[in-house]
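# Structural characterization, general
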Amino acid sequence: MRHSLRFDAQGEGKGTFLVLDPTLKVWGPAAPSRAKWTQGEGNSVTFSGAVEFPIGNVGRDPGTLVFKGKFETAS
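The structure presented is a predicted model; accordingly, all values stated were derived computationally and were not measured. (Residues numbered from 1 in each chain as written. Predicted model: local features only at pLDDT ≥ 70, side-chain atom pairs only at ≥ 80, totals over all residues. Heavy atoms only, no water.)

Across its full length, the protein holds zero helices and five strands. Starting at the N terminus, the α and β elements of the protein follow one another as β-β-β-β-β. The burial tally for the protein puts 20% of its 75 residues in the buried class. For the protein, the exposed surface amounts to about 5700 Å²; the carbon and sulfur share of it is 53%. (Helix = DSSP H or I, 4+ residues; strand = E, 2+ residues; numbered from the N terminus. Buried < 20%, exposed > 50% of the residue type's maximum accessible area, 1.4 Å probe, protein only. Areas by Shrake-Rupley, 256 points an atom, 1.4 Å probe, with all protein chains shown as cover.)

Structure follows, in structure tokens:
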């Protein structure tokens, strides 16, 4: 199953995740959930937070989502 997600980065390592999924119309509009980001050594970065993905029109799959990656440049 494929889902879309938006991460809004804010200062001091804070942010929000927002699930962008057309099936959410069954459950009502999506609400942003708290997330955080941390920058590690070099250009590495991690985004994490709680999310709930819809499973068709019968349920949801809650959990913690973690993205780990690197910026292409230090700036």
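This next bit is on the nonpolar core. Grouped together as the largest cluster of nonpolar side chains are six residues: Phe17, Val19, Ala35, Val51, Phe53 and Leu65. Within the residue set of this core, elements represented by two or more residues are β2 (14–20) and β4 (44–55). Beyond its immediate stretch of four places on either side in the chain, Ala35 contacts Phe7, Gly13, Lys14, Gly15, Thr16, Phe17, Ser48 and Gly49. (Core = buried A, V, L, I, M, F, W, Y, C linked by side-chain atoms within 4.5 Å. Contact = heavy atoms within 4.5 Å.)

The backbone phi angle of Glu12 is positive, close to 60°, even though this residue is not glycine. Examined against the element boundaries, Glu12 turns out to sit in the loop between β1 (4–9) and β2.

This next bit is on the packing of aromatic side chains. Under the definition given, this model contains three aromatic pairs. One aromatic cluster is present, built from ring pairs that chain together Phe7, Phe17, Phe47 and Phe67. (Phe/Tyr/Trp six-rings, centres within 6.5 Å; stacked < 30°, edge-to-face > 60°.)

In this sheet, β4 lies alongside strand β3 (residues 33–39) in antiparallel orientation, the contact comprising five bridges. Each bridged residue has a counterpart across the sheet, and for Gln39 the counterpart in β4 is Val45. Linking β3 back to β4 in an antiparallel pair, the connection comprises four residues, with Gly42 at a positive phi of about 65°. Judged from the 12 bridges that link them, β4 and strand β5 (residues 59–70) form a sheet pairing that is antiparallel. Bridge pairing in β5 links Phe53 to Asp61. (Pairing = 2+ DSSP bridges.)

Low-pLDDT stretches of the model should not have their predicted coordinates read in fine detail. With 84% of its residues at a pLDDT of 70 or more, the protein has an overall mean of 83. Mean pLDDT in the protein bottoms out at β4, which sits at 86, and peaks at β3, which reaches 93. (pLDDT = per-residue confidence, 0-100.)

What follows deals with the environment of Gly69. Along the chain, Gly69 turns up in strand β5. For Gly69, a relative accessible area of 32% gives the class partly exposed. Other than its neighbours up to four places away in sequence, Gly69 contacts Asn43, Ser44 and Val45.

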